[in-house]
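Reading the structure
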Amino acid sequence: MKLRNLGRSPLRVGPLAFGGNVFGWSVDEARSFDLLDAFVDHGFNLIDTADVYEAWVPGNEGGESETIIGKWLKKSGKRDKVIVATKVGKWARYPGLAPTNIKEAVEDSLRRLQIDHIDLYQSHEDDPKVPLEETLRAFDDLVNAGKVRVIGASNYDATRLDDALSTSASKGLARYESMQPEYNLMDRKGFEEALQPLCVKEEIGVISYYSLASGFLSGKYRSEADLSKSSARSGKVKAYLNDRGYRVLAALDEVSQTRDAKPAQVALAWVMAQPSIAAAIASATSLEQLDEIAKAATLELTPPDLATLKAASAY
């Protein structure tokens, strides 16, 4: 597996990250263990989760995904084979990015994950109520204490990310080495217009989420009748059922046939081929799904393939 640099940090990651938002929700503990074992067996290493996962599930309170990952790490003995990434800031128990909140939240995450340090600790979303220097200084303290190796951001706009990078540079603090935006063939504009050029310029490693547009780019949903296949995703997927969405599906079908691949593999390979991308996050709920998306990492799209997909997904 060819690894990619995560920003300017020492971390190197496989081009596919496992999205841990399914653990404790659509995947139980036993299957989670099987999926994580298979993920590592495929040669990948980046597992992405958050303290808030799966607080939205009836009967859960949050922290379930981290807990399952922690149990797997202890049982499997594969801590040295993976990069564990989690986030802080969106859980009602630890809301926002105030220094005290970050320092309390990290201890809970470490306990649930059963590890002595987090490889990539990310701001789950911007918190404009807290001065950037205060947030970054709290993260810097965790890095200096050995509890966190590298820090990253998620859901920041370009202006705030630029301000954060400038603050880190001027104050001598750890900087955000990664950025986690929503990015896929259907959702391009928000990232490409301002964030992508900044990430390329500043050598920020991008870890995209919703890389398959909530499953729409797998080709599974082609009409409103198909939405019954997943009630959890139906609302978001329905918004893609328009002329542009059908153009993208047709382009995916065309490239898939040419490359002897599946639409999901092509969609992920497209993300992986874009400037600044370190890894595309995708989830799987079965070993068969995981085997399918894993092949995206070795699918090399040609310039004509990329041009076809870019044209079809234009706004």
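Shown above is the structure to which this text applies.
Overview of the structure.

This part takes up the pattern of salt bridges. Here the structure, examined in full by the defined rule, presents 22 salt bridges. Linking Glu 61 and Arg 93 is a salt bridge whose minimum nitrogen-to-oxygen distance equals 3.3 Å. Of this pair, Glu 61 sits in the loop between β4 (46-48) and α2 (64-76) while Arg 93 sits in the loop between β6 (90-91) and β7 (94-95), and the two are 32 residues apart along the sequence. Since its relative accessible area comes to 40%, Arg 93 is described here as partly exposed. Linking Glu 133 and Arg 137 is a salt bridge whose minimum nitrogen-to-oxygen distance equals 2.8 Å. Here Glu 133 and its partner Arg 137 are both found in helix α4 (residues 132-144), 4 residues apart, which amounts to about one turn of the helix.

Okay, the side chain of Asp 305 next. Checked against the element boundaries, Asp 305 lands in helix α12 (residues 303-312). The contacts of Asp 305, once residues within four sequence positions are left out, are Val 255 and Arg 259.

We now examine the nonpolar core. Formed by 95 residues in total, the largest nonpolar core has its most connected members in Tyr 121, Phe 216 and Leu 217. Looking at which element gives the most residues to this core, the answer is helix α10 (residues 263-272), with 8 residues. Contacts of Phe 216, omitting those with residues within four sequence positions, involve Met 186, Tyr 221, Val 237, Tyr 240, Leu 241, Gly 245 and Leu 249. Formed by 14 residues, the second largest nonpolar core is a distinct cluster that contains Leu 11, Ile 83, Val 150 and Ile 207.

This paragraph deals with helix α5 (residues 158-171). When the terminal C-alpha atoms of α5 are compared, their 20 Å separation across 14 residues agrees well with the 20 Å that a helix rising 1.5 Å per residue should span. Capping of α5 at its N-terminal end is provided by Asp 157; its side-chain oxygen lies 3.2 Å from the backbone amide nitrogen of Thr 159. Looking one or two residues beyond α5, the residue adopting positive phi is Gly 172, at roughly 70 degrees.

Thresholds, definitions, all that
In this convention, every chain numbers its residues from 1, walking through the sequence in written order. Only residues with pLDDT of at least 70 are given local features in this predicted model, and only at 80 or more are side-chain atom pairs given and counted; all residues enter the totals for whole chains, interfaces and linings. Side-chain numbers here rest on the full set of heavy atoms in the structure, without hydrogens or water. Salt bridges are defined by distance alone: a side-chain nitrogen of Lys or Arg within 4 Å of a carboxyl oxygen of Asp or Glu. Note on conventions: DSSP H or I runs of at least 4 residues are helices, E runs of at least 2 residues are strands, and numbering of each starts at the N terminus. Note on classification: 1.4 Å probe, protein chains only; a residue is buried when its accessible area is under 20% of the maximum for its type, exposed when over 50%, partly exposed between these limits. What makes two residues a contact is simply this: any of their non-hydrogen atoms within 4.5 Å. To define a nonpolar core, start from buried Ala, Val, Leu, Ile, Met, Phe, Trp, Tyr and Cys residues and group those joined through side-chain atoms within 4.5 Å. What a helix is expected to span follows from its residue count: subtract one and scale by 1.5 Å. Think of a polar contact as two N or O atoms within 3.5 Å of one another; within protein, one of them needs to be a possible hydrogen donor and the other a possible acceptor, and neighboring residues in sequence only count if both atoms come from side chains.

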